[in-house]
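Fold and contact review
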Amino acid sequence: MTAAPTTTAPDRDPDEEPDGGTGAGPGDGTAGGRGGGPDAHRDDATGTATDTGPHDGPDAGRDDGTGVGPGTRPHYGPADGPDAGRDDGTSTGTGPHDGPPGRRRKGRAAPKPEPYEDPFDHDTLPTPPGATATLLRSLLAPLRARVVVTTVLLLLQQAAVQVGPLLVAYAIDRAVPAFRQDDHGPLIAVGVAYLLCSAASGGLQYAFIIASARVNQDVLLDLRGRIFRHAQALSIDFHERYTSGRLISRSTTDVESLRELLSEGLQELVTVILSFVYISAMLLWLDVGLGTVAVVSFVPLYLLIRRYRRRAGRIFAVRSTTIAAVIVKFAETMNGIRPVRAFRREAANEAEFGVLNRRHERTNGDALLEMARYVVGSRLVANTAVAGIVLWGAHRVASGSLALGVLAAAALYLRRLYDPIDRLGMFLNSYQSAAASLEKIAGLLAQTPSVPEPSVPRQLPALASEHPGREVVFDEVRFAYRTGGEVLPSFSLTLPAGQTVAVVGSTGAGKSTLAKLLARFYDPTEGRVLLDGVDLRELPVPELRRGVVMVTQEAFLFSGTVAENIAIGRPEASREEIEQAAKAIGAHDFINALPDGYDTDVRKRGGRISAGQRQLVAFARALLADPAVLILDEATSSLDIPGERAVQRAMSTVLRGRTAVVIAHRLSTVAIADRVLVMEHGRIVEDGPPAELVAGTGRFADLHRAWRDSLV
């Protein structure tokens with residue numbers, strides 16, 4: 001039998017000052033163990049304070065006039081002294097953490113700590129600088145050659161397009177006068193050249209669209225795959241803080257924003273840039289004065305674009321978050337449709353959804369308003385510039401300092417120069433939306449698993465016996481969630497190979513956290529969890545998942561057949577092995593009775609079969625996996641009596657020879673255990689064989705007595 005864990009208490013609070021008045025010392029109150037949470041000892045009325053131990057949250061120990069804060073929890077660990085926990089104004093108590101009598105704070109309350117704000121709640125993942133640019137480069141790097149070919153096609157297409165006004169100028173100034181002199185050659189040559197340029201422009205445009213579409217689709221295919229693979233690879237604590245609705249938004253709405261930019265926006269941007277370069281050069285070549293005025297007219301346009309980018313960038317960042325909130329609410333409501341209908345939450349949910357939907361609508365309206373301001377401003381600048389240049393050019397033509405063909409070509413070029421400005425606005429709209437979305441995606445992909453793969457992996461040693469079980473050791477383990485206080489104080493525990501251990505205790509005692517550490521869904525804050533002497537952090541994930549399997553309270557089945565769901569335990573298993581596992585569990589008969597037997601589609605979440613049947617399928621899956629350590633996390637708590645008995649028979653088969661940790665709310669489940677651990681507030685307060693603990697006078701005996709009385 002492993003002794004109950006020991007804990008080491010810290011020193012008393014250094015903020016305590018001598019005072020002649022009454023008041024509990026730093027160890028008094030209800031907890032005689034480790035020091036309190038951040039606000040332990042704070043009092044608002046009487047000057048007394050309670051030490052709530054390591055489990056308390058940020059407001060633990062806050063006094064409302066009674067001297068007992070809302071976070072107070074009793075402590076059953078060995079650190080309690082005979083009078084520890086006494087707080088009656090006399091400042092007595094002999095627990096090892098009691099401070100000198102008559103000490104309290106000097107007339108002031110302890111400062112209230114800043115409340116913890118998780119950035120995940122605001123959909124703002126911590127992102128390293130340059131993550132967006134790095135992501136974009138990594139997406140385009142494998143397609144570099146195709147991107148170059150696509151760019152060359154667009155350059156040639158724009159060159160063919162921009163030759164047209166030059167041909168018009170030549171026709172007006174040279175070909176038409178020659179035609180009047182019965183020289184038809186120049187005009188015919190201009191017509192043929194214009195036709196060839198148009199045909200080349202169309203062909204090159206077609207080739208560009210095909211090439212760019214393939215590049216775009218390959219980028220999006222790669223990006224969606226990265227999001228899915230990375231989301232699966234991230235640790236459980238990430239998914240408990242970052243909702244599935246946000247992940248759906250990243251892989252759908254945000255990727256769609258990038259698709260719009262790649263499919264339409266980039267072509268518009270490149271067209272505008274090339275047009276500006278080509279046309280500016282042509283105008284300067286045709287006439288320096290006209291060209292200079294045209295180029296200068298782009299200064300106010302540049303200022304408009306800069307202002308639009310700055311304002312729209314903030315709006316689209318908010319829009320990406322608001323649409324994610326809409327998707328989260330929708331997914332949450334549909335996933336919980338049964339309790340929604342049972343508790344008549346339709347109206348309340350509709351009101352909450354309406355608030356989120358209107359917020360998204362307002363953000364979209366703000367984006368459209370900024371777009372409208374840009375379009376109106378850019379058209380005003382463009383039309384004013386064209387009108388001024390044409391009037392000035394006409395005056396010069398009249399004075400004989402400018403050829404009519406040059407003015408005609410300049411007017412055509414100016415329209416081609418300013419016409420894409422509206423399309424540039426559409427590009428900027430797509431760009432700001434895609435930039436905000438890409439930043440969100442880059443933030444997601446920049447997250448690293450809190451349970452990483454080992455840098456130098458080790459393999460488990462060969463089994464010491466014919467049984468599959470392995471020894472489990474918790475070595476000075478302490479655990480605290482990153483968003484809250486300490487859950488498991490420092491403890492040590494050994495589970496011999498092949499032993500079945502039941503863990504019982506009230507809700508919040510730390511039972512499931514213990515199981516998650518053993519499954520390595522989390523790593524301990526301090527200490528080690530060993531499997532046959534190997535730290536779980538040194539095992540590669542495939543090796544760990546083969547050795548440790550967890551069956552949860554809600555047996556999750558995927559859409560697909562019964563056989564496919566059982567085969568998840570060992571995908572390479574044959575059909576015969578799948579059926580043998582089901583027979584050993586006692587699930588074969590009900591599976592054969594299904595319409596298509598093992599090939600019956602259980603549909604979403606296994607909704608086609610009952611909860612007890614889903615649990616039997618989960619046990620067959622675990623048996624097929626043949627793990628060394630099996631964790632059953634309240635696997636029978638949601639079943640009726642017949643279902644529970646069927647699952648208990650299956651449990652006896654699955655657990656035979658394996659090391660097992662059974663988290664139990666129903667004490668009937670404990671009957672199969674070799675050993676029982678009773679947990680209270682993260683500490684193991686009782687440890688022993690079930691019969692021995694039932695015969696005693698401790699916490700488990702009380703629980704067993706209450707359970708037995710409930711059956712009468």
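Structure's up top.
Keep in mind that what you see is a predicted model, and the values were worked out from it rather than measured. (Residues numbered from 1 in each chain as written. Predicted model: local features only at pLDDT ≥ 70, side-chain atom pairs only at ≥ 80, totals over all residues. Heavy atoms only, no water.)

1. Some remarks on the packing of helix α6 (residues 288–296) against helix α7 (residues 298–335)
Closest axis-to-axis distance for the α6/α7 pair is 5 Å, and the angle between their directions is 15°. Here α7 runs roughly parallel to α6, going by the angle between their axes. For the pair α6 and α7, the contacting residues are Ala294, Val295 and Val296 in the first and Phe298, Val299 and Pro300 in the second. Residues that form the contact of α6 with α7 fall into these classes: six nonpolar, no polar and no charged. (Axes fitted to C-alpha atoms, helices over the stretch in contact; angles between N-to-C directions. Helix = DSSP H or I, 4+ residues; strand = E, 2+ residues; numbered from the N terminus. Parallel < 35°, antiparallel > 145°, perpendicular 65-115°, else oblique. Contact = heavy atoms within 4.5 Å. Nonpolar A, V, L, I, M, F, W, Y, C, P; charged D, E, K, R; others polar.)

2. A look at the pattern of salt bridges
On inspection of all chains with the given rule, the structure shows 26 salt bridges. The partner of Glu352 in a salt bridge is Lys329, with the nearest N and O atoms 2.5 Å apart. In this pair, Glu352 sits in helix α9 (residues 346–399) while Lys329 sits in helix α7, placing the two residues 23 residues apart along the sequence. A salt bridge links Asp626 to Arg658; the shortest N-O distance between them is 2.8 Å. (Salt bridge = Lys/Arg side-chain N within 4 Å of Asp/Glu carboxyl O.)

3. Side note on the sheet that holds strand β8 (residues 548–551)
Reading across from one edge, β8-β9-β10-β5-β11-β12 is the order of the six strands in this open sheet, with mixed pairing throughout. The open sheet is flanked by β8 and β12 (683–688), the only strands paired with a single partner. Sheet twist, expressed as the average angle between the axes of neighbouring strands with direction ignored, equals 20°. Sheet topology places strand β11 (residues 675–680) next to β12; five bridges connect them, and they run antiparallel. Paired with Met679 across the bridge in β12 is Ile684. The strands touched by helix α17 (residues 611–625) within the sheet are β8 and β9 (629–633), with β8 carrying the most contacts at an inclination of about 175°. (Pairing = 2+ DSSP bridges.)

4. A few points about the nonpolar core
Counting residues in each nonpolar core, the largest one holds 62 residues, and the members touching the most others are Leu135, Leu223, Leu258, Tyr374, Tyr418 and Leu444. Elements with a minimum of two residues in this core: α1 (131–140), α3 (185–233), α5 (244–286), α6, α7, α9, α10 (404–418) and α11 (420–445). With eleven residues, α11 is the largest single contributor of residues to this core. If sequence neighbours within four positions are ignored, Leu258 has contacts with Leu220, Leu223, Ala434 and Leu438. (Core = buried A, V, L, I, M, F, W, Y, C linked by side-chain atoms within 4.5 Å. Buried < 20%, exposed > 50% of the residue type's maximum accessible area, 1.4 Å probe, protein only.)

5. Points about the packing of aromatic side chains
Applying the stated criterion to the full structure yields eight aromatic pairs. Ring geometry for Tyr308 versus Tyr374: centroids 5.5 Å apart, planes at 40°, classification tilted. On the criterion of sequence distance, the pair formed by Tyr308 in helix α7 and Tyr374 in helix α9 is long-range, its members being 66 residues apart. For Tyr308, a relative accessible area of 2% translates into the label buried. Classification of Tyr374 as buried rests on a relative accessible area of 3%. (Phe/Tyr/Trp six-rings, centres within 6.5 Å; stacked < 30°, edge-to-face > 60°.)

6. Describing the environment of Arg224
Turning to its location among the elements, Arg224 is positioned in helix α3. Accessibility expressed as a relative area gives 37% for Arg224, which makes it partly exposed. In contact with Arg224, not counting residues within four places along its chain, are Ser251 and Val255.

7. Here's the deal with the packing of helix α2 (residues 144–180) against α10
Where α2 meets α10, the axes come as close as 7 Å, and the angle between the chain directions of the two elements is 160°. As judged from the angle between their axes, α2 and α10 are roughly antiparallel. When the axes of α2 and α10 are compared, the crossing they make is right-handed. Two secondary-structure elements touch here, α2 through Val161, Gln162, Pro165, Leu166, Val168, Ala169, Ile172 and Asp173 and α10 through Leu404, Gly405, Val406, Ala408, Ala409, Leu412, Tyr413 and Arg416. By residue class, the composition of the contact of α2 with α10 is twelve nonpolar, two polar and two charged. (Left-handed = near helix turned anticlockwise from the far one by under 90°.)

8. Some words on the pairing of β12
Here β12 lies mainly inside the structure; five of its six residues are buried. Linkage of β11 to β12, two consecutive antiparallel strands, is achieved through a turn of two residues, within which His681 is found at a positive phi near 50°.

9. Brief notes about the sheet that holds strand β4 (residues 486–495)
Pairing is antiparallel across the open sheet formed by four strands, whose spatial order is β4-β3-β6-β7. Sheet topology places β4 and β7 (534–535) at the edges, where each strand pairs with a single neighbour. Here two bridges tie strand β6 (residues 526–531) to β7, and the two strands are oriented antiparallel to one another. Across the sheet, the residue bridging to Leu530 is Asp535, located in β7. Of the strands in this sheet, β3 (472–480), β4 and β6 are in contact with helix α12 (residues 511–518), which crosses β3 at around 120°.

10. Focus: the environment of Pro186
Here Pro186 is to be found in helix α3. Looking at Pro186, the relative accessible area reads 17%, which means it is buried. Along the sequence, Pro186 and Val176 sit ten residues apart, while their C-alpha atoms lie 8.2 Å from each other. In contact with Pro186, other than residues within four places in its own chain, are Tyr170, Ala175 and Ala178.

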